[in-house]
Protein chains: 2
Amino acid sequence: MTISMYETSVPVFVRVLQNMSAVLDKAAAHAAARKIDESVFIHARLSPDMFALPRQVQIATDIAKGGAARLAGAEVPRWEDNEATFAELQARIAKAIEFVQGFGAAQIDGSEERDITFRLAGRDAHFKGLRYLLDFVLPNLYFHATTTYAILRHNGVEVGKMDFLGAAALGDAPGA
Amino acid sequence: MTISMYETSVPVFVRVLQNMSAVLDKAAAHAAARKIDESVFIHARLSPDMFALPRQVQIATDIAKGGAARLAGAEVPRWEDNEATFAELQARIAKAIEFVQGFGAAQIDGSEERDITFRLAGRDAHFKGLRYLLDFVLPNLYFHATTTYAILRHNGVEVGKMDFLGAAALGDAPGA
């Protein structure tokens with residue numbers, strides 16, 4: 001296999017979102033076991049001027065859906081940002097995974113030079129596809145996935161880096 | 001330009017490390033301005049069982065140097081983990097940037113199927129080059145870079161996501 005725009009986007013997004021889902025599952029189980037109201041975690045943030053947990057998940061999923069759609073030259077759907085429970089966050093992640101999996105290699109491979117323009121920080125930002133993926137999408141996706149993990153771990157949820165990375169990071173995977 | 005193993009590794013590692021350096025610079029300036037001993041930040045961590053700041057930087061730099069070297073089929077140098085000041089962490093980051101920049105596209109392109117084996121979690125882990133880059137190196141690098149940022153921001157350092165992402169994430173960059 002050679003590296004490609006598809007291989008570096010859709011399957012990566014799916015893994016990040018699946019691992020984020022597993023981390024949130026552990027948080028929900030932790031809350032239930034200790035009879036901690038889940039709103040405690042939903043309102044948690046690392047700093048007063050950082051986003052709380054739901055917004056981290058909303059942005060991560062937005063980055064993934066925008067990333068896949070824009071690389072494929074498709075419309076980016078708008079989703080309401082109204083999740084306020086672990087179950088609702090899980091549903092949003094599942095919806096994002098399903099959405100990005102709707103794009104195949106034929107739609108995304110060769111998008112390195114595709115012109116991508118979208119509103120960012122109050123102006124139209126212009127990227128070529130490769131730069132969009134490497135400089136914007138992946139750093140943002142990992143930033144919000146890690147921050148989601150960090151908020152939960154900071155609040156006592158028993159997760160470890162392997163939950164964030166997933167089994168693929170151990171190597172020896174099928175097809176490795 | 002087409003996507004390649006080189007373009008998705010060395011220049012990405014360099015950007016992540018440069019942005020990490022800029023975040024640490026802001027932390028050092030913040031500490032100096034408020035007359036906070038820098039050891040307060042050096043000992044900071046997000047959870048009692050997570051690594052403190054220096055180990056996050058050490059691992060991020062290790063991931064970058066190991067990533068570049070292994071993809072190129074070169075020996076991975078061992079560095080002592082003894083940094084205990086902002087200046088020493090900056091020196092380690094600079095050393096890592098210089099090391100990874102020593103590898104060119106000719107050494108790394110085409111490494112998708114290269115067999116990579118190293119000790120991981122107490123055993124020999126086997127990867128193909130592409131899987132190593134996408135499933136191990138990039139997630140780990142972003143994880144530790146984000147955690148470095150999160151530790152500092154949690155402790156009041158005035159950094160924002162753009163410090164983490166760097167200017168390239170705004171698009172409209174030269175060559176974009």
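Right above here is the structure, for reference.
Note that the structure is predicted; figures quoted are calculated from it, not measured. (Residues numbered from 1 in each chain as written. Chains lettered and ligands numbered in written order. Predicted model: local features only at pLDDT ≥ 70, side-chain atom pairs only at ≥ 80, totals over all residues. Heavy atoms only, no water.)

(A) Representation of the overall build of chain A. The number of helices and strands found in chain A is seven helices and two strands. Its helices and strands taken in sequence order, chain A reads α-α-α-α-α-β-β-α-α from the N to the C terminus. Taking 2.2 N^0.38 as the reference for a compact globule, 176 residues should give roughly 16 Å; the C-alpha atoms of chain A span a radius of gyration of 17 Å, in line with that estimate. C-alpha extents for chain A along the principal axes are approximately 50 × 45 × 25 Å. Looking at chain A as a whole, 56% of its 176 residues are labelled buried. Sequence separation of 24 or more characterises 69% of the internal contacts of chain A that already satisfy a separation of 6 or more. With the model as given, the accessible surface of chain A reaches about 7,200 Å², and the carbon-plus-sulfur share is 52%. (Helix = DSSP H or I, 4+ residues; strand = E, 2+ residues; numbered from the N terminus. Rg over C-alpha atoms; globule rule 2.2 N^0.38 Å. Buried < 20%, exposed > 50% of the residue type's maximum accessible area, 1.4 Å probe, protein only. Contact = heavy atoms within 4.5 Å. Areas by Shrake-Rupley, 256 points an atom, 1.4 Å probe, with all protein chains shown as cover.)

(B) Structural view of helix α3 (residues 53-72) of chain B. All names here are of chain B. When the terminal C-alpha atoms of α3 are compared, their 29 Å separation across 20 residues agrees well with the 28 Å that a helix rising 1.5 Å per residue should span. Burial of α3 is extensive: 17 of the 20 residues sit out of reach of the surface. Where α3 terminates, the next one or two residues include G73, which has phi positive at roughly 75°. (Expected span 1.5 Å × (residues − 1).)

(C) Fine view of the interface of chain A and chain B. At the interface, 49 residues of chain A touch 49 residues of chain B. It is I3, F143 and R153 of chain A that lose the most area in chain A upon contact with chain B, and together they represent 15% of the buried surface on that side. Salt-bridge contacts for E7 of chain B lead to R131 of chain A; the nearest nitrogen and oxygen are separated by 3.1 Å. Connecting chain A to chain B are 22 residue pairs in polar contact (both at pLDDT 80 or more). Of all the elements in the fold, those that place two or more residues in the side of chain A that touches chain B are α1 (10-33), β2 (123-128), α6 (129-154) and α7 (161-165) of chain A. Residues belonging to the side of chain A that touches chain B are distributed by class as follows: 25 nonpolar, eleven polar and 13 charged. (Buried area = accessible area lost by both parts, 1.4 Å probe. Salt bridge = Lys/Arg side-chain N within 4 Å of Asp/Glu carboxyl O. Polar contact = N/O pair within 3.5 Å; in protein donor to acceptor, adjacent residues only side chain to side chain. Nonpolar A, V, L, I, M, F, W, Y, C, P; charged D, E, K, R; others polar.)

(D) Layout of the packing of aromatic side chains. Applying the stated criterion to the full structure yields 25 aromatic pairs over all chains. Between F41 of chain A and F86 of chain A the ring centres are 6.3 Å apart and the planes differ by 40°, which places this aromatic pair in the tilted class. Taken together, the residues F41 of chain A in helix α2 (residues 38-42) and F86 of chain A in helix α4 (residues 86-101) connect sequence positions 45 residues apart. With 5.6 Å between their ring centres and 70° between their planes, F118 of chain A and Y132 of chain A make a pair best called edge-to-face. Taken together, the residues F118 of chain A in strand β1 (residues 115-120) and Y132 of chain A in helix α6 connect sequence positions 14 residues apart. Of the residues examined, F118 of chain A reaches a relative accessible area of 8% and is grouped as buried. Every member of this aromatic cluster is reached through a ring pair, and the members are F118, F127, Y132 and F136 of chain A. Stacked on the ring of F51 of chain B, the Lys or Arg R55 of chain B has its end atom at 5.6 Å from the ring centre. (Phe/Tyr/Trp six-rings, centres within 6.5 Å; stacked < 30°, edge-to-face > 60°. Lys NZ or Arg CZ within 6 Å of the ring centre and 35° of its normal.)

(E) A look at the packing of α1 of chain A against α6 of chain A. Residues and elements named next belong to chain A. Viewed as axis vectors pointing N to C, α1 and α6 meet at an angle of 10°, and their least axial separation amounts to 10 Å. When the axis of α1 is compared with that of α6, the two are roughly parallel. Residues V12, F13, V16, M20, V23, L24 and A27 of α1 lie in contact with α6, whose contacting residues are L133, V137, L138, L141, Y142, H144, A145, T148, Y149 and L152. (Axes fitted to C-alpha atoms, helices over the stretch in contact; angles between N-to-C directions. Parallel < 35°, antiparallel > 145°, perpendicular 65-115°, else oblique.)

(F) Looking closely at the pattern of salt bridges. Tallied over the full model, the rule gives 28 salt bridges over all chains. Among the salt bridges present, the one from D163 of chain A reaches K26 of chain A, with a minimum N-O distance of 3.0 Å. Placement of D163 of chain A in helix α7 and of K26 of chain A in helix α1 is noted, with a sequence separation of 137 residues between them. Taking relative accessible area as the criterion, K26 of chain A reaches 37% and is therefore assigned partly exposed. K65 of chain B is the partner of D62 of chain B in a salt bridge, and the nearest nitrogen-oxygen pair spans 3.2 Å. Of this pair, D62 of chain B and K65 of chain B both sit in helix α3, three residues apart, which is roughly one turn of the helix. Judged by its relative accessible area of 23%, D62 of chain B falls in the partly exposed class. Linked by salt bridges that have partners in common, R55, D62, K65, D81, E83 and R92 of chain A make up one network.

(G) Representation of the relation of the copies chain A and chain B. Each copy of the sequence occupies a distinct position, and chain A is placed on chain B by a rotation of 180° and an axial shift of 0.0 Å, giving an RMSD of 0.0 Å. With respect to symmetry, the two chain copies, as superposed, fit the operation of a two-fold axis. Both copies contact each other with a shared surface, as 100% of the interface residues of chain A are interface residues in chain B too. (Least-squares fit on C-alpha atoms with pLDDT ≥ 70 in both.)

(H) Quick peek at the layout of surface pockets. In this structure, the largest pocket occupies an estimated 1,000 Å³ of space. Lining the largest pocket are 38 residues, with D62, I63, R70, F118 and R119 of chain B sitting closest to its centre. Going through the elements one at a time, α6 and α7 of chain A together with α3, β1 (115-120) and α6 (129-154) of chain B are the ones with two or more residues in the lining of the largest pocket. No other element matches the nine residues that α3 of chain B contributes to the lining of the largest pocket. In the lining of the largest pocket, the residues fall into 20 nonpolar, seven polar and eleven charged. (1 Å grid on protein atoms, 1.4 Å probe; cavity = no way out; pocket = protein on both sides within 12 Å on 5 of 7 lines; lining within 4 Å. Points joined across faces, edges and corners; volume = space filled by probe spheres on them.)

(I) Molecular detail of empty space enclosed by the protein. In this structure the tally under the stated criterion is four cavities of 30 Å³ or more. Taken as a whole, the largest cavity holds about 140 Å³ of empty space. Lining of the largest cavity is provided by 16 residues; of these, R15, V16, N19, F164 and L165 of chain B occupy positions nearest its centre. Those elements that provide at least two residues to the lining of the largest cavity are α6 of chain A together with α1 (10-33), α6 and α7 (161-165) of chain B. The element best represented in the lining of the largest cavity is α1 of chain B, accounting for six residues. In this structure, the second largest cavity occupies an estimated 100 Å³ of space.

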